[in-house]
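# Chain and residue survey
Each chain, letter by letter, is given below.
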Amino acid sequence: MENKLKKSVQHKILISLLLVLSSSFFIKCSQKEKSQISEEEWASLPADGPNLSAYERIICSSEATKSELYAASEFQRLFKEFTGKELAIDKTDSQSGKSILIGVEATVAAGLQANTEKMGEEGFNIDIAGEKLAIYGGHSRGTLYGVYEFFEQYCDVRYLTHDHTFYPAEGKDKDFRIKGSNYSYVPPFAFRWSYYGETNRNPAFAAQLHTNTVAGDEKLGGITGYKLVIHNVANLVPPAIYGKEHPEYYALVNGRRVLEMHGGGPQLCLTNPEVLEIVVKATLDAIEKNPKIKNFNVAHMDNSSYCTCKLCAAIDAREESHAGTMFSFVNAVAERIEKKHPEVLIGTYAYQYTRKPPKTIRAHDNVLIQLCSIECCDFHAIDDPTCSLNQEFCADMDGWKDKAKNIFIWHYNTNFRGYLLPFPNLRSIGKSVEYFANNNGRGVFMQAAGNGFSTELSDLRNYVMSRCLWKPGRDSWEEALEFCRMHYAESAQPIIDYLTYYHDLIDKENRHPGCFPTEASLFLNSETVKRIDNYFAEALALAKSDDVRSRVEKASLCSYRAKLSVATMELKYENGLCKPSLDDVDENLLSRYAELCAKYNVSRENEYIKNDVYLAKMCKIYSGMTAVRLENDYWRVIVLPESNAKIVEMTYKPTGRNVIQPARSLDRFRFEEWVRQGDGPKADGILAYKVIEKSPIKTVVALTAKDGALIERTISLAGTAIHFETTLKAKKARAFDFFVHPEYDAGSGSDDPQEVSIYVKAKEWLQANQGWVNAKPTDEQSALIKEGLKGGSFAYFNKKEDFGVEQRFKPGAFEDINLYWSPERIQINLEMTPIVKKLKAGEQAKYAYEVHYLAKEPN
Ligand SMILES: [Zn+2]
Ligand SMILES: [Zn+2]
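The text that follows walks through the structure, step by step, so that each part is easy to find. All values derive from a computational prediction rather than experimental measurement. (Residues numbered from 1 in each chain as written. Chains lettered and ligands numbered in written order. Predicted model: local features only at pLDDT ≥ 70, side-chain atom pairs only at ≥ 80, totals over all residues. Heavy atoms only, no water.)

### Looking at the overall build of the protein
Heads up, the condition is: The way it works is that DSSP assigns letters per residue, a run of H or I at least four long becomes a helix, a run of E at least two long becomes a strand, and they are numbered from the N terminus. Computation of the radius of gyration draws on C-alpha atoms, with the globule rule given as 2.2 Å multiplied by the number of residues to the power 0.38. Two residues qualify as a contact provided that any one of their heavy atoms is within 4.5 Å of a heavy atom in the partner residue. Working definition of accessibility: Shrake-Rupley area with a 1.4 Å probe, residue cover restricted to the visible protein chains. Charge convention: Lys and Arg are scored as positive, Asp and Glu as negative, and His as well as the terminal groups of each chain are ignored. One atom stands in for each charge, and that atom is NZ of Lys, CZ of Arg, CG of Asp or CD of Glu.
Assigned secondary structure in the protein consists of 25 helices and 41 strands. Relative to the 2.2 N^0.38 estimate, which gives 29 Å for 859 residues, the radius of gyration of the protein is 30 Å and therefore close to what a compact globule would have. At a minimum sequence separation of 6, the contacts of the protein that also span at least 24 residues come to 69%. For the protein, the computed accessible surface area is about 34,100 Å², with 50% contributed by carbon and sulfur atoms. Taking the average place of the 106 positive charges on the side chains of the protein and the average place of its 115 negative ones, the gap between the two points comes to 3 Å.

### A short note on the sheet that holds strand S30 (residues 721-729)
What counts here: For two strands to count as paired, DSSP must find a minimum of two bridges between them. Angles here are taken between N-to-C directions and fall from 0 to 180 degrees, while the axes themselves are lines fitted to C-alpha atoms, restricted in helices to the stretch in contact.
On the basis of which strands lie adjacent, the open sheet formed by nine strands has the order S27-S28-S29-S30-S41-S37-S36-S34-S35 and antiparallel pairing. Each of the sheet's edge strands pairs with one partner strand only, and the pair in question is strand S27 (690-695) and strand S35 (765-767). In this sheet, adjacent strand axes meet at a mean angle of 15° when their direction is disregarded. Inspection of the sheet shows S30 paired to strand S41 (residues 844-854) by nine bridges, in the antiparallel sense. Bridge pairing in S41 places Lys729 opposite Gln844.

### Re the nonpolar core
Put simply, the test is: Think of a nonpolar core as a cluster: buried Ala, Val, Leu, Ile, Met, Phe, Trp, Tyr and Cys residues, connected wherever their side-chain atoms sit within 4.5 Å. Each residue is assigned to one of three classes by its accessible area relative to the maximum for its type, calculated with a 1.4 Å probe on protein chains only: buried under 20%, partly exposed between the two thresholds, exposed over 50%.
Membership of the largest hydrophobic core comes to 190 residues, with the highest contact counts inside it found for Phe75, Phe150 and Phe151. No other element matches helix H18 (residues 492-508), which puts nine residues into this core. Dropping the residues within four chain positions of it, Phe151 is found in contact with Phe75, Leu78, Phe79, Asp156, Val157 and Tyr159. Membership of the second largest hydrophobic core comes to 57 residues, among which are Ala730, Phe809, Ile828 and Leu839.

### Focus: the coordination of the zinc ion (ligand 2)
By definition of the ideal shapes, four donors in a tetrahedron about a metal sit 109.5 degrees apart, and six donors in an octahedron sit 90 or 180 degrees apart. What counts here: Think of the donor list as every N, O and S atom within 2.8 Å of the metal, or within 3.2 Å for Na, K and Ca; water never makes the list, so a site can look incomplete. Working rule for geometry: tetrahedral if four donors all subtend angles between 85 and 135 degrees; square planar for four, octahedral for six, if opposite donors exceed 155 degrees and the others stay between 65 and 115; irregular in every other situation.
The zinc ion (ligand 2) binds to the protein through Cys377 (SG), His380 (ND1), Cys387 (SG) and His512 (ND1); the donor distances cover 2.1 to 2.3 Å. Seen from the zinc ion (ligand 2), its four donor atoms lie at angles of 101 to 123°, and the figure they make is tetrahedral. The sequence pattern formed by the donor residues of the zinc ion (ligand 2) is C-x2-H-x6-C-x124-H. Highlighted residues: Cys377 in the loop between strand S16 (367-372) and helix H14 (388-401) and His512 in the loop between H18 and helix H19 (526-542), separated in sequence by 135 residues. Each member of the pair, Cys377 together with His512, is buried.

### Here's the deal with the environment of Leu259
With respect to the helices, strands and loops of the structure, Leu259 is situated in the loop between strand S13 (256-257) and helix H11 (273-289). Given a relative accessible area of 34%, Leu259 falls into the partly exposed group. Spatially, the C-alpha atom of Leu259 lies 9.6 Å from that of Tyr242, the residues being 17 residues apart in sequence. Excluding residues that lie within four positions of it along the chain, Leu259 makes contacts with Pro239, Gly243, Pro247, Tyr250 and Pro266.

### Quick look at the packing of aromatic side chains
We count it as follows: To pair, rings of Phe, Tyr and Trp, with the six-membered ring standing in for Trp, must have centres within 6.5 Å; the planes then decide the type, stacked if under 30 degrees apart, edge-to-face if over 60, and tilted in the middle.
Summed over the entire model, instances satisfying the criterion amount to 51 aromatic pairs. Aromatic side chains Phe75 and Phe79 sit 5.8 Å apart centroid to centroid with 20° between the ring planes, which places their arrangement in the stacked category. Here Phe75 pairs with Phe79, and both are found in helix H4 (residues 66-83), just four residues apart, close to one helical turn. Taking relative accessible area as the criterion, Phe75 reaches 0% and is therefore assigned buried. On the accessibility criterion, Phe79 (0% relative accessible area) is buried.

### Considering the coordination of the zinc ion (ligand 1)
Within the first shell, the zinc ion (ligand 1) binds the protein through Cys269 (SG), Cys307 (SG), Cys309 (SG) and Cys312 (SG), at distances of 2.3 Å. Taken together, the four donor atoms coordinating the zinc ion (ligand 1) span angles of 104 to 115° at the metal, a pattern that classifies the geometry as tetrahedral. In the primary structure, the donors to the zinc ion (ligand 1) are separated according to the pattern C-x37-C-x1-C-x2-C. Note on accessibility: Cys307 and Cys312 belong to one class, buried.

### A look at the pairing of S27
Of all six residues that make up S27, zero are buried, and the element is exposed over most of its length. Linkage of S27 to strand S28 (residues 698-704), two consecutive antiparallel strands, is achieved through a turn of two residues.

### Let's talk about the side chain of Arg461
Cut-off, in case you're wondering: Polar contact is the term for a pair of N or O atoms within 3.5 Å; when the atoms are in protein, one must be able to donate a hydrogen and the other to accept it, and sequence-neighboring residues count only if both atoms are side-chain atoms.
Following the sequence through the fold, Arg461 ends up in helix H16 (residues 458-470). A distance of 2.8 Å separates a polar atom in the side chain of Arg461 from a polar atom in the side chain of Glu456.

### Considerations on helix H21 (residues 557-569)
The α-helix winds at 3.6 residues per turn, so residues separated by three or four positions along the chain end up facing the same way. The condition that has to hold: Given a helix with a known number of residues, its expected span is that number minus one, times 1.5 Å.
In this model, H21 (13 residues) spans 19 Å end to end at C-alpha, consistent with the 18 Å of a helix rising 1.5 Å per residue. For H21, a buried count of 13 out of 13 residues is recorded, marking the element as mostly surrounded by other parts of the structure.

### Focus: the packing of H11 against helix H13 (residues 323-340)
For any two helices packed against each other, one specifies the crossing angle of their axes together with the interaxial distance. We count it as follows: Any angle that is under 35 degrees is reported as roughly parallel, and any over 145 degrees as roughly antiparallel; angles of 65 to 115 degrees are reported as roughly perpendicular and all others as oblique. In a left-handed crossing the near helix is turned counterclockwise from the far helix by less than a right angle, and in a right-handed crossing that turn is clockwise.
Running from N to C, H11 and H13 point in directions that differ by 45°, and their axes come no closer than 10 Å. Put simply, H11 runs oblique to H13. For H11 against H13, the interelement crossing comes out right-handed. When H11 is examined against H13, the residues Val275, Leu276, Glu277, Val279, Val280, Thr283, Leu284, Ile287 and Glu288 are found in contact with a partner set consisting of Phe329, Ala332, Val333, Arg336, Ile337 and Lys340.

### Quick look at the environment of Ser94
Here Ser94 lies in the loop between strand S4 (88-90) and strand S5 (99-102). Taking relative accessible area as the criterion, Ser94 reaches 65% and is therefore assigned exposed. Considering only alpha carbons, one finds Ser94 and Leu252, 158 residues apart in sequence, at a separation of 74 Å.

### Digging into the pattern of salt bridges
What counts here: Salt bridges, as used here, are contacts in which a Lys or Arg side-chain nitrogen is within 4 Å of a carboxyl oxygen on Asp or Glu.
Counted under the stated rule, the structure contains 56 salt bridges. Between Glu86 and Lys80 there is a salt bridge, and its shortest N-O distance comes to 3.5 Å. For Glu86, a relative accessible area of 52% gives the class exposed. Residue Lys80 is classed as partly exposed on the basis of its relative accessible area of 40%. Glu649 is the partner of Arg636 in a salt bridge, and the nearest nitrogen-oxygen pair spans 3.0 Å. Taken as a pair, Arg636 in strand S23 (residues 635-640) and Glu649 in strand S24 (residues 646-652) lie far apart in primary sequence, 13 residues in all. Assessed through its relative accessible area of 24%, Arg636 is described here as partly exposed. The exposure class of Glu649 is buried, given its relative accessible area of 15%. One connected set of salt bridges, linked through shared partners, spans Glu39, Glu152, Arg467, Arg474 and Glu479.

Right, dumping it as structure tokens:
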């Protein structure tokens, strides 16, 4: 395989720079007689090399590739920007004097050696020591990358954004000399993708940052043949083709072969020999159609509904991981493919239920695994021993090191539910990337706001990430500071102060934000957003040019967006309306934010919704939403009928505590109820209920679904209880299939089951989360929760804060209860699924439950 990395290359020391001293140039460079050099050492080398202004022309052969010709023109452009001197590009070097040779052909024609054997597609040499300065590299991108690296390494030029390259002023100095050492580099990762709109939309800029996954013109040297592993097993064995006659091809889940499943489709029954034949054939067909691609995927779908049939379960049990069945299947496919296409890799996931390596099975040498870190904390580095979430991942990666030859990592680097919110991971990016490189990682997909544009500090982040991927070992924090100084110039310091303040804050508050954090995990509140706002105001006041002012303004989007979130976390009730609480916040906040979004082409609010949809939603909230307030001696409850009838406040008056989780903005869900099947309100399909009855202690809200079904919800106060009742009257035959999704305040971010305890009632009360680690149950432990279905009670209690909530229901009325506990978000959901009923036209069904405040532990 090309670009094959020797094991040693993956150690830190060899990821640093290599100095190649070819013998003919050795005399001038003898004082740096080293075979490798670190970035620090490189920085300390004296500038005793050639004077740049002495070069007279660029030579690039007529035999050169399109990419080498482009490399020569890029050298010409950058040289002129840096030194002020324009060099002509000639095809042959017929004159004496100092020339720049670009590409292998020009170098060889000048009588120099140009050995590219170990350079792969992207490695290069820069020989500076003779009359001729030569830059050449492996086909197809090495020479172009060498040109960009020349200006970075020797001239301190930086490719900051697609329209801002930083040139130090010294280049214009007639006496400017570069370092007197040759330089050579082969990147350790064969696949590098800093996934931002900023590079995805600008292939030429992507090439400057050595991102080898963004396709552009041929002159940019093409992209790597490695492809991202994507969920595809249900496409290889389409249920539409096989489902009816062969349901046994698909995963057995809860005793049923499922043909439909969220996350792209059902998983397969991987021990069925016919399934193997179909997958092998589909893969062979794909290989024939795409001869340049290096890996073909056999990867599970994006859900955890793996097959539980006897044969599959037996392998998983033996291997102590669901990766057991997956890898014995993928190995079988890989064996068959290898016979015909030994050069091709079979790509698969080690993701969620397959992340833990199997006990005995080793991935075949022609298997590529994409190891995914979706459960990890982004604030801490992957190998930070103080972060227990990341320690679990490290243990798995350590296990894979000896079980797979080709490990690619899929790392998550943004807030997928809020692309523009502050995100505190700039100190961990570099360390995590370095860890991947040191542990056999051969490629890294840094997933971020790739389908967005102008997201939170996206220019800075894209720069930092790309540079860390190119040279693992770089310190992302230092890279970020460098970007600030060069890009924000006179306004840099307050932005650096903001980054420092915010990262220190998350550290001090001991938060572990992952890639789906809420405002609680990001510690955004009225106090912190005010402080963030001040830093950006200060930076803006320091800007002296329009360029810097607009860069700072763009960076300040994150501060506006954070303020918008905070304003909708606690809503103010007044005369039947709820509005954002805008104390201390500019009334024009939303319109100003919308204006800036338009100016800087913000396209998406998050991975799932476009920015204009978000702004329209916010507009509705800002103009005030109809609200119903219920109140008795014990409770004050506020319902928003127009927004899925969310409960946004549930304050127990004797203690003054609002038990609803408020620390998240209103653009996401709260305490609400959804339909799982059929028309009606959904998590991402908000509908408006009409208020049809209202008294101080009772409200009835209703909506008619598209299929004519009437959904009616009654919320009422009766002493210390809040009653909930939902009725569905079917107009046509349909399923009565709802989901109760209450989000409560956990009281603290502790993951200690002795502090935050979950209870269910079977015959007696049981504590259901005993022994949980990282707030997660083992398969056995999660079974205990279901005991609550028998006794009809589901509760939590925070022993430090001395409060809790109990949900009571009629035993037998619900088919499932499920706990979502996130210490990071300070959140507990006591989720319940009523029994599904098939209704005929005209029939109706209902479910009911009660909420009680707990002032002491249940027992
Ligand atoms: Zn099976
Ligand atoms: Zn952490």
